[in-house]
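# Report on the structure
Residue strings, one per chain:
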Amino acid sequence: MIDYGYYVILAVYFVLLAIWSALLIFGNARHSAVLTEKYLPRQKYPLRELIAVGLVLAEVFRFQFNSKADLKRTAQLRGVYGEKGGVFYYRVNVAERLAFAALGGLLGLLVPVIAGEYLFILASPALAALGYILAMGGINDLIQDREKELMKQFPNMVSNLALLIGSGMDTYNAWEIIGRDGEGLLYKEMRETIKDMETQGTSEIQAYVNFGKRCAVPRITKFISMMIQTIRKGGSDDLITFLAYESSLCWEEKKSSAKIQGEKAGNKLMIPIFMIMIGILVLIGGPLISNIGF
């Protein structure tokens, strides 16, 4: 008896393969200026040609990139790549996710054909989801590493700010000194804030707002928002009190974070220990069970 299901799946696979191949060729021709070593280095994007499929799909389905999640990710990437770079690389990552999801779904259709079992067609959406998640992982790691670096430097920055302003220095000069003398990503952003005020004519309050947006870390954004509110009230004593409280709070949060990280590290160490114990039990228990069987 002819298995029509097998041929239907095979026909669908070849149709989708043809569509995917056409998108690949068309996309590489249409976006050849973007898919270059200059913008997408091979070391970081080893399969950059495949991203062309996602770029075309984003155009076909008219992605607007204006959802709350889109705007949040774009803001986070602006801190890494700059104003224009954040928008560009977020769209590249969305295209990358679409491309690898499409490729995963396509490869998944081969599983029921090879296995001869229709139930394995579920491998198609599963591999599509896997491709999407894996493509998202790179950008997540990049954002998380940046947030960790900023938060690592944040308590020292707040403490120094509280110390200098508490000694009578105004906010602008304290900010400038800390940014100039500090090393790291957070201090680089502080120097960018001073640059905004000196060369762009940005007001002091707006420059601090821009600093919070560039950092795009909720804890830092909240701190900046509260600092601005305190500055607007006009009381230096209130600002000193606020900074002293924030400094104490930051260090408590850092201690708590270090404790949590230590517990996570301990839990990770338990996994290999547990596997070793299972191995020992198998080595010891296996012969014993065999002897009991006899």
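Use the structure listed above.
All of the points below concern the structure found in this document. Numbering of residues begins from 1 in every chain and follows the order in which that chain's sequence is written. Predicted model: local features are reported for residues with pLDDT of at least 70 only, side-chain atom pairs are reported and counted for 80 or more only, and whole-chain, interface and lining totals are derived from all residues. Derived side-chain values reflect all non-hydrogen atoms in the structure, with water molecules and hydrogen atoms excluded from consideration.

This paragraph deals with the pattern of salt bridges. Salt bridges, as used here, are contacts in which a Lys or Arg side-chain nitrogen is within 4 Å of a carboxyl oxygen on Asp or Glu. Within the structure shown, the criterion is met by 10 salt bridges. Arginine 180 is the partner of aspartate 181 in a salt bridge, and the nearest nitrogen-oxygen pair spans 3.2 Å. The pair formed by aspartate 181 and arginine 180 is uniform in burial state, with each residue classed as exposed. Across the pair glutamate 189 and arginine 214 runs a salt bridge whose closest N-O atoms are separated by 2.5 Å. Taken together, the positions of glutamate 189 in helix H8 (residues 185–199) and arginine 214 in helix H9 (residues 204–215) put the pair 25 residues apart, joining distant regions of the chain. When a residue's accessible area, from a 1.4 Å probe over protein chains only, is under 20% of the maximum for its type it is buried; when over 50% it is exposed; and in between it is partly exposed. Exposure remark for glutamate 189: the relative accessible area of 7% places this residue in the buried category. Each of Glu37, Arg42, Arg48 and Glu49 takes part in one network of salt bridges that share partners. Here a helix means four or more residues in a row that DSSP labels H or I, a strand means two or more in a row labelled E, and each is numbered from the N terminus.

The next subject is the layout of surface pockets. Each cavity reported here is a set of points on a 1 Å grid over the protein atoms alone in which a 1.4 Å probe fits but cannot get out, each pocket an open set with protein on both sides within 12 Å along at least five of seven lines, and each lining residue one with an atom within 4 Å of a point. Grid points are joined across faces, edges and corners, and a volume is the space filled by probe spheres set on the points. The space that makes up the largest pocket amounts to roughly 420 Å³. The residue makeup of the lining of the largest pocket, split by class, is 4 nonpolar, 3 polar and 9 charged. When its volume is computed, the second largest pocket comes out at roughly 340 Å³. Surrounding the second largest pocket, 18 residues form its lining, Lys44, Tyr45, Glu96, Ala135 and Gly138 being those nearest its centre. If you list the elements that add at least two residues to the lining of the second largest pocket, you get helix H3 (68–81), helix H4 (83–108) and helix H6 (123–166). Each residue gets one label: Ala, Val, Leu, Ile, Met, Phe, Trp, Tyr, Cys and Pro are nonpolar, Asp, Glu, Lys and Arg are charged, and the others, such as Gly, are polar.

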